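Per-entry structural report
Spelled out, the chains give:
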2 protein chains.
Amino acid sequence: MTTRDTGTEQLIKDTAKHVFFKEGRLHATTQDIADAAGVNRTLVNYYFRSKDALIKQVYEEGMDDLDNRLTQVMYSNLPFREKMENFIDLFMAESMEYPYQEAFLITEMNMNSNLHHKADMTEKVEYLSQQIQKEMDEGRLEKMNPIHFAMNMFSMMIYPLIMKPMYKQFYNLSDEEFTKLMLERKEITCKMLFGN
Amino acid sequence: MTTRDTGTEQLIKDTAKHVFFKEGRLHATTQDIADAAGVNRTLVNYYFRSKDALIKQVYEEGMDDLDNRLTQVMYSNLPFREKMENFIDLFMAESMEYPYQEAFLITEMNMNSNLHHKADMTEKVEYLSQQIQKEMDEGRLEKMNPIHFAMNMFSMMIYPLIMKPMYKQFYNLSDEEFTKLMLERKEITCKMLFGN
DNA sequence: TTAAAGTTTAACATTTTTGTCAAACAAAAA
DNA sequence: TTTTTGTTTGACAAAAATGTTAAACTTTAA
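Residues numbered from 1 in each chain as written. Chains lettered and ligands numbered in written order. Predicted model: local features only at pLDDT ≥ 70, side-chain atom pairs only at ≥ 80, totals over all residues. Heavy atoms only, no water.

Under an unreviewed UniProt entry, the name given to chain A is TetR/AcrR family transcriptional regulator, and the organism recorded is Mucilaginibacter conchicola.

As structure tokens, then:
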């Protein structure tokens, strides 16, 4: 069957990502998604067969996207610090668009540890660790297990975005004020990681 | 009706927290919770009337707990750094027990922004900001918007715990290795915050 | 020991969510 | 234009999740 491509399949998938990754409504129904997309719910089944299948696709593409972002930066030929600055720029831009992407992936792993196949990032992750280790060996970074450097970086970039509703409430912030703070964090994160 | 206190009500609530806060199964059903507690599902309705009511209680107690942890530390009479060291100890211990507590709260806020009453932490949060500001004014901390200091601290403590399934997969870690890393993070977090 | 009152259970009812199918519709090809 | 084929829709069916009730059970106190 040769498809006619009305864009509906993509629209549904994009809307699902919007609902899950951007709005953080992690237990949205297919009806919620169809409504948000402005299409008949049946189309979810027509294009994806089942809700699980849609979720699975969203999950895998979320994982692939994560993988790609890592790859894209890891293998560039820049000095480590610039490389990380680029990475933080790129990653924070995407995370501001889709703050709940990683949270969605984790929730899925926690709910359906069976359904999803494990991503093998060993090689990539090891390469990153080696680069971090080298910086430490050569005295440009505080010595510690390289995994902590990575954890620190991801934590400082993503967590405040996930916690947005709480920070807004506790600190009485408008959306604009919050966004401004997040933009400041690119530099702050970098400074923290490299000790200025 | 004078209650006989078989401990069942508490058991259900505790189990709900276990499932939501510890296992991160954010869309568990009442049946899931009843099974985990080893009780008949009907008891959820007997003691809590509805699933929503149970969720609401879990949410409010989660918020209260967060509030208490903040209070407990904010108003002690220690030098700022020691105060923060205590806080990190306390907070990380609880977060290792219940890594998804804040994620649950946020997801609830995103799903039912109406259902839950807003917590007013303004006073507490302002007091914390003032203390941070003072440290900056007196040159013991890098100058920045105090909210960033708080964000950095919470991020570095909590986010790696939430991402445990991913870190375990990417870095091929056992539970024991992961726990060891998390314990190391108490000191690392502190060092990062205070620039050693 | 028996009556009263709270607790637990199983069967049933309702609601919500998901899935299926045939008919209506729209676009491309014959 | 008509036919073909893929798309969309609404009605219906099935499954999953939640809620209700009456009866069984347990504990306490009369």
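Picking up after the structure, the text goes on.
Comments concerning the packing of aromatic side chains
Filter applied, for reference: Two rings from Phe, Tyr or Trp (for Trp, the six-membered ring) form a pair when their centres sit within 6.5 Å of each other. Planes less than 30 degrees apart are called stacked, planes more than 60 degrees apart edge-to-face, and all others tilted. Note on conventions: DSSP H or I runs of at least 4 residues are helices, E runs of at least 2 residues are strands, and numbering of each starts at the N terminus. A 1.4 Å probe rolled over the protein chains alone gives each residue an accessible area, and that area as a share of the maximum for its type sets the label: buried under 20%, exposed over 50%, partly exposed in between.
Here the structure, examined in full by the defined rule, presents 25 aromatic pairs over all chains. When the centroid spacing of 5.8 Å and the interplanar angle of 85° are considered together, the rings of A:Phe87 and A:Phe154 count as edge-to-face. Taken together, the residues span a long stretch of sequence, with A:Phe87 in helix α5 (residues 80–97) and A:Phe154 in helix α8 (residues 146–162) at a distance of 67 residues. No difference in accessibility class separates A:Phe87 from A:Phe154, as the two residues are buried. With centroids separated by 5.8 Å and ring planes inclined at 45°, the aromatic side chains of B:Phe80 and B:Phe149 adopt a geometry described as tilted. Residue B:Phe80 is found in helix α5 (residues 80–97), and its partner B:Phe149 is found in helix α8 (residues 146–162); the two are separated by 69 residues along the sequence. B:Phe149 carries the same exposure label as B:Phe80, and that label is buried.

Some points on the UniProt feature "domain: HTH tetR-type" (unreviewed entry) in chain A
Stated formally: UniProt positions are given in the numbering used here, feature names are shortened, and annotations may be inferred rather than shown by experiment.
The UniProt feature table records "domain: HTH tetR-type" (unreviewed entry) at residues 6–66 of chain A. Helix makes up 75% of residues 6–66 of chain A and strand makes up 0%, while its end C-alpha atoms are separated by 28 Å.

Quick word on unusual backbone geometry
Residues and elements named next belong to chain A. For Asp5, which is not a glycine, the phi torsion comes out positive at approximately 50°. With a relative accessible area of 62%, Asp5 lands in the exposed category. The residue Asn172 is not glycine, and still its phi comes out positive at about 50°. Looking at the element boundaries, Asn172 is found in the loop between α9 (164–171) and α10 (175–194).

Remarks on the protein's contact with DNA strand D
To be explicit about the condition: To be near a molecule or strand, a residue needs just one of its heavy atoms within 4 Å of it. Any pair of nitrogen or oxygen atoms within 3.5 Å is treated as a polar contact; in protein, a donor-acceptor pairing is required on top of that, and neighbouring residues in sequence qualify only through side-chain atoms on both sides. Throughout this entry, Asp, Glu, Lys and Arg are counted as charged residues, while Ala, Val, Leu, Ile, Met, Phe, Trp, Tyr, Cys and Pro are counted as nonpolar. The remaining residues, Gly among them, count as polar.
Every one of the 20 residues lining DNA strand D counts as a neighbour, but A:Arg4, A:Tyr46, A:Tyr47, B:Arg41 and B:Lys51 are closest to it. Protein-adjacent atoms of DNA strand D, using a 4 Å cutoff, are sugar or phosphate at a proportion of 54%. At 3.4 Å, a side-chain N or O of A:Thr42 approaches a base oxygen of DNA strand D. Between DNA strand D and B:Thr30 there is a distance of 2.9 Å, counted from a phosphate oxygen to a backbone nitrogen or oxygen. By residue class, the composition of the surface near DNA strand D is 4 nonpolar, 11 polar and 5 charged.

Considerations on the UniProt feature "DNA-binding region" (unreviewed entry) in chain A
The positions that UniProt labels "DNA-binding region" (unreviewed entry) are, in the present scheme, residues 29–48 of chain A. The span residues 29–48 of chain A is 75% helical and 0% strand by assignment, and the distance between its end C-alpha atoms comes to 14 Å.

So, the interface of chain B and chain A
Basically, it comes down to this: A contact between two residues is defined here by any heavy atoms of the two lying within 4.5 Å. Buried area: the sum, over both parts, of the accessible surface (1.4 Å probe) that disappears when the two are put together. What counts as a salt bridge is simple: a side-chain nitrogen of Lys or Arg found within 4 Å of a carboxyl oxygen of Asp or Glu.
Counting residues at the interface gives 57 residues for chain B and 57 residues for chain A. The junction of chain B with chain A conceals about 5200 Å² of combined surface from both sides, 69% of it contributed by carbon and sulfur atoms. Of all residues in chain B, B:His27, B:Tyr159 and B:Phe170 give up the largest surface area on contact with chain A, accounting jointly for 13% of the area buried on that side. At the junction of chain B and chain A, the tally comes to 2 salt bridges. The residue A:Lys191 makes a salt bridge to B:Glu142 at a minimum N-O spacing of 3.2 Å. Along the contact surface separating chain B from chain A lie 12 residue pairs in polar contact (both at pLDDT 80 or more). Mapped by element, the contributors of at least two residues to the side of chain B that touches chain A are α4 (51–74), α6 (101–111), α7 (122–137), α8, α9 (164–171) and α10 (175–194) of chain B. Broken down by element, the residue count for the side of chain B that touches chain A peaks at 12 residues, all from α8(B). Residues that form the side of chain B that touches chain A fall into these classes: 36 nonpolar, 12 polar and 9 charged.

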